[in-house]
Amino acid sequence: MENFCLAGAFHLTFSMNTFYITTPIFYANSLPHLGHLYVMIVSDAIARHKRQQGIETYFLTGTDEHGINIERAARKAGRTPKGQADHVVNYFKQMTAAFGLDTEHGGYDIFMRTSEPFHYEGVGEFWRRAARAKTPKGNDAIYKGHYEGWFCAPCAAYKTEDEYEKPKNPGEPPTCLVHDTPLDRVSEDSYFFRLSDYGEALLDLYESRPDFVQPETRRNEVTSFVRGGLQDLSVSRLRSSVSWGVPVPDDPEHTMYVWFDALTNYITAIGFGNEEREHAVGFEKFWPALHLVGKDILRFHAVYWPAFLMAAGLEQPRAVIAHGMWLDPNGRKLSKTLGNVIELDVLNKHFPIDAVRYFCMREMVFGQDGRFGYEGLIDRTNSDLASGLGNLSSRTLTMISRYSDGRIPSGVISEDKLLAAKRAGFDTDETTISGFVETARNQFLQHFEDFAFSKALEVAWSVVARMDKMISDAKPWELAKDENQKQTLNAVLYRAAEVLRWLSVLLYPVMPGATEDIWKQLGISGSPARINPRDLKWGELSDGTNIGEVKPLFPRIDKVKTMKEIDSAEVQSPKSNVQVPDSGMHATEADAVPNAPNQAETVPAPAQQHATQAEAVAGVASYIDITEFTKVDLRVGQVLTAARIPKSDKLLLLTVDVGEEKPRTILAGIAEYYEPESMVGRKIAVVSNLKPRKMRGHESQGMLLAASVGEGDRPVLATFTEEVPNGARLK
Ligand SMILES: [Zn+2]
């Protein structure tokens, strides 16, 4: 197996034959939301990227199911605690299936649950090891003491004075700064983990392994937290106060508490403390893990967990990587009260899975906060996927089927045709393009390994742009008319197809479905999932391959219509693959119920008013509202072919590329003034949502814009003096 080092921000000293990645396990007291989906998508993409390289990979996600919170929610819902957890897990599994993240779709290898018997066994063993251990200062790592203080059940954490709001009236409990709910007074015997003895050892760890916590800003936060001094942690509760949890070994009057139990899942899942699991997966084989976590739970993963592992004498994780949070387009937190929450069932209903995945990876600079709004998602999908990658794929394959009989043509230009190709402005030196995509591939992989997914995708889209330019410069539809340029035409098509093959492999981890489709449409056997991107070699796409059926990858999303549907669906109960429970049936908190009626405060965003548009209509017949104008969908189109229609001296039959999968047929009454030849290659303005109509046996799927000049109403086509992409919207 090929081994190579991850370079850049993430230096690697471990064997790369296996790879283990985890999302946090999610507390089973609320239903899945965008934050959960996001970290799963990123982990899934990393896992697929590793598997593509032939690295044996294990990907864990799951739920943390113990604690007073679940116990209380269960009581309220009339369920057992396990029944309550099952209920929530059910929704998580529906979500992962709907978004293609489950095992069946090539996603996670385990949906870990802390209620699993093997976890009880493993965490018991972990406790025993820690309980036998001495701290770096020679004290017992775990000791029995008495806990007196305030506890927030939703946080599952004890609160110190700076972490709660003091009560307004004496005698009342303080409230949690995070949850705004009253804290519980706890005064009972408890086992403690002597975290206070691990400060120096932790600082040594951060110093000797600068990539242990990433990104650097987070590492600095963690370091200064530890420098500020650590307090011992209470790691158990009396069974009489909390019974839903793992019993403390040899002292069943105590239940292990939350983080000690939950964090340990990362090793019990793969076999620590359980022979059967060890055999099935392998702690020895897969540990250490790469942990992806939200920045809000970084402390637990970068401070407590390493200290627990030190006590148990186990190897530290590969790294703990903290990601940012999603905000709304205005930079505000996503919250019910602001009505800006992104609903998973809405995403699932209105957007292709791969568009959501692409947006998540492209829009958030990994580690920083990102902004998520439905409109932004539609815009990205239309510009980068429908008009970008999707259009490149469909126009290339459509031309191969039209000009090359549905077979991948040869990219070779013979000596005697070189001059003709050069005369057509075509770069006959194939190493220019192969060198370009190789460099792009290397940059893409480097960024990907550095968790700079957004940059990696930018690089991939620079390849898309380069190919678009190659095609519009070479004008295959013109080359097709000249038998002498047959080889030039073939070379253009071959290069475009070969680049699509490369892009399918590179982009597979981000968009598994769409890239598998491109692969199939190119007529290649197997799957991009099994191609190591580092092994890609230019020219390995065999000529003569029959391409598959050409189908659209990313249909353009009608923004106005979709936004209207989304806005109205927020009032009604949605129907989608991800079913949400009725309100009242939910686990515990308000945030557990997507689409409850009380969060339908969202008002449709006001239509954007551009001053220029408002001014432009002044002085014309009568005013229209901006919403009336936006009903007209105007697009930039490029004329691919133009021909006269027999027995009509007015009409030209055009095929026009308006950035969709297939060019449109448009009949235009300009034949008296424009020669068909002069039309090909021109960029024009097209009314794209005009109802299609039949004329002279052809369906006209749109209308060109032209000024009407002089007595005879001579048409003068509206055109562009600057470079514009096909399909760009006029507004
Ligand atoms: Zn709290």
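From a predicted model like this one, the values you see are computed outputs, not experimental measurements. (Residues numbered from 1 in each chain as written. Predicted model: local features only at pLDDT ≥ 70, side-chain atom pairs only at ≥ 80, totals over all residues.)

**Quick notes on the overall build of the protein**
Regarding its fold elements, the protein presents 24 helices and 27 strands. Burial analysis of the protein (731 residues in total) assigns 45% to the buried set. Partitioning the intrachain contacts of the protein with sequence separation of at least 6 by distance along the chain shows that 71% fall at a separation of at least 24. (Helix = DSSP H or I, 4+ residues; strand = E, 2+ residues; numbered from the N terminus. Buried ≥ 20, exposed ≤ 12 C-beta atoms within 10 Å, placed from the backbone. Contact = placed C-beta atoms within 7 Å.)

**Let's talk about helix α13 (residues 353-363)**
Counting buried positions along α13 gives 9 out of 11 residues, so the element sits mostly inside the fold. Among the residues making up α13, those that are buried are Asp354, Ala355, Val356, Arg357, Tyr358, Phe359, Cys360, Met361 and Arg362. Of the surrounding secondary structure, the elements contacted by the buried residues of α13 are α1 (34-52), α12 (344-350), α14 (374-403), α17 (453-474) and α20 (512-521).

**A look at the sheet that holds strand β12 (residues 247-248)**
Sheet architecture is open: 3 strands sit in the order β11-β13-β12, paired in antiparallel fashion. Whereas interior strands pair on both sides, the edge strands pair on one side only; in this sheet they are β11 (236-238) and β12. Looking at chain direction, β11 and strand β13 (residues 251-256) are connected through 3 bridges and run antiparallel. Bridge pairing in β13 places Arg237 opposite Thr255. (Pairing = 2+ DSSP bridges.)

**Regarding the sheet that holds strand β4 (residues 142-152)**
Reading across the sheet, the 4 strands line up as β5-β4-β8-β10 and stay open at both edges, with antiparallel pairing between neighbours. The outermost strands of the open sheet, each flanked by one partner alone, are β5 (157-159) and β10 (233-234). One ladder, built from 3 bridges, connects β4 with β5; its direction is antiparallel. For Cys152, the partnering residue across the bridge sits in β5 and is Ala157.

**Points about the nonpolar core**
Counting residues in hydrophobic clusters, the biggest one holds 175 residues, and the most contacted among them are Phe193, Ile270, Tyr304, Ala307, Phe308, Val320 and Ala460. At 14 residues, the largest contribution of residues to this core is made by helix α19 (residues 486-507). Other than its neighbours up to four places away in sequence, Phe308 contacts Ala130, Phe193, Phe260 and Leu263. Ranked by size, the runner-up nonpolar core spans 24 residues in total, among them Trp477, Val656, Val658 and Tyr674. (Core = buried A, V, L, I, M, F, W, Y, C linked by C-beta atoms within 7 Å.)

**Examining the packing of helix α15 (residues 415-423) against α19**
In the contact formed by α15 and α19, the axes pass within 8 Å of each other and the chain directions differ by 75 degrees. As summarised for this structure, α15 and α19 are arranged roughly perpendicular, according to the angle between their axes. For the pair α15 and α19, the contacting residues are Lys417, Ala420 and Ala421 in the first and Gln487, Thr488 and Ala491 in the second. Its residues assigned to classes, the contact of α15 with α19 comprises 3 nonpolar, 2 polar and 1 charged. (Axes fitted to C-alpha atoms, helices over the stretch in contact; angles between N-to-C directions. Parallel < 35°, antiparallel > 145°, perpendicular 65-115°, else oblique. Nonpolar A, V, L, I, M, F, W, Y, C, P; charged D, E, K, R; others polar.)

**Examining the packing of helix α5 (residues 199-208) against helix α11 (residues 298-312)**
For the pair α5 and α11, interaxial distance at closest approach is 10 Å and the crossing angle is 105 degrees. As far as their axial angle goes, α11 and α5 are roughly perpendicular. In this structure, α5 uses Ala201, Leu202 and Leu205 to contact α11, whose residues at the interface are Val303, Pro306, Ala307 and Met310. Partitioning the contact of α5 with α11 into residue classes produces 7 nonpolar, no polar and no charged.

**Observations regarding the confidence of the model for the protein**
Of all residues in the protein, 90% have pLDDT values of 70 or greater, and the mean over the chain is 87. For residues 1-14, every residue scores under 50 in pLDDT, and the model assigns this stretch 23 contacts once sequence neighbours within four places are set aside. (pLDDT = per-residue confidence, 0-100.)

**Some remarks on the pairing of strand β8 (residues 184-193)**
If a strand is regular, its side chains alternate between the two faces of the sheet. Where β4 and β8 come together, 10 bridges link them in antiparallel fashion. Bridge pairing links Glu148 to Ser187 in β8. Direction of pairing for β8 relative to β10: antiparallel, over a ladder of 2 bridges. Its bridge partner being in β10, Phe192 is matched across the sheet by Ser234.

**Focus: the pairing of strand β18 (residues 634-644)**
For β18, the buried fraction is high: 8 of the 11 residues fall into the buried class. Relative to strand β27 (residues 729-730), β18 runs antiparallel, the two sharing 2 bridges. Residue pairing in the sheet places Arg635 in a bridge with Arg729 of β27.

**Details of the environment of Pro352**
Structurally, Pro352 is set in the loop between α12 and α13. In this structure the C-alpha to C-alpha distance between Pro352 and Gly513, which are 161 residues apart in sequence, comes to 9.5 Å.

**Considering the environment of Pro247**
By the element assignment, Pro247 lies in strand β12. Taking the number of C-beta atoms within 10 Å as the measure of exposure, Pro247 has 17 and is therefore partly exposed. In this structure, the C-alpha to C-alpha distance between Pro247 and Gly124, residues 123 residues apart in sequence, is 8.0 Å. Leave out the neighbours within four places in its chain, and Pro247 touches Pro252 and Thr255.

**Structural notes on unusual backbone geometry**
Note that the residue after Gln214, namely Pro215, is joined by a cis bond; omega there is -5 degrees. Positive phi, normally seen in glycine, also occurs at Asp180, with a value near 65 degrees. Relative to the helices and strands, Asp180 resides in the loop between β7 (175-176) and β8. Phi is positive for Asp405, which is not a glycine, with a value near 60 degrees. With respect to the helices and strands, Asp405 occurs in the loop between α14 and α15.

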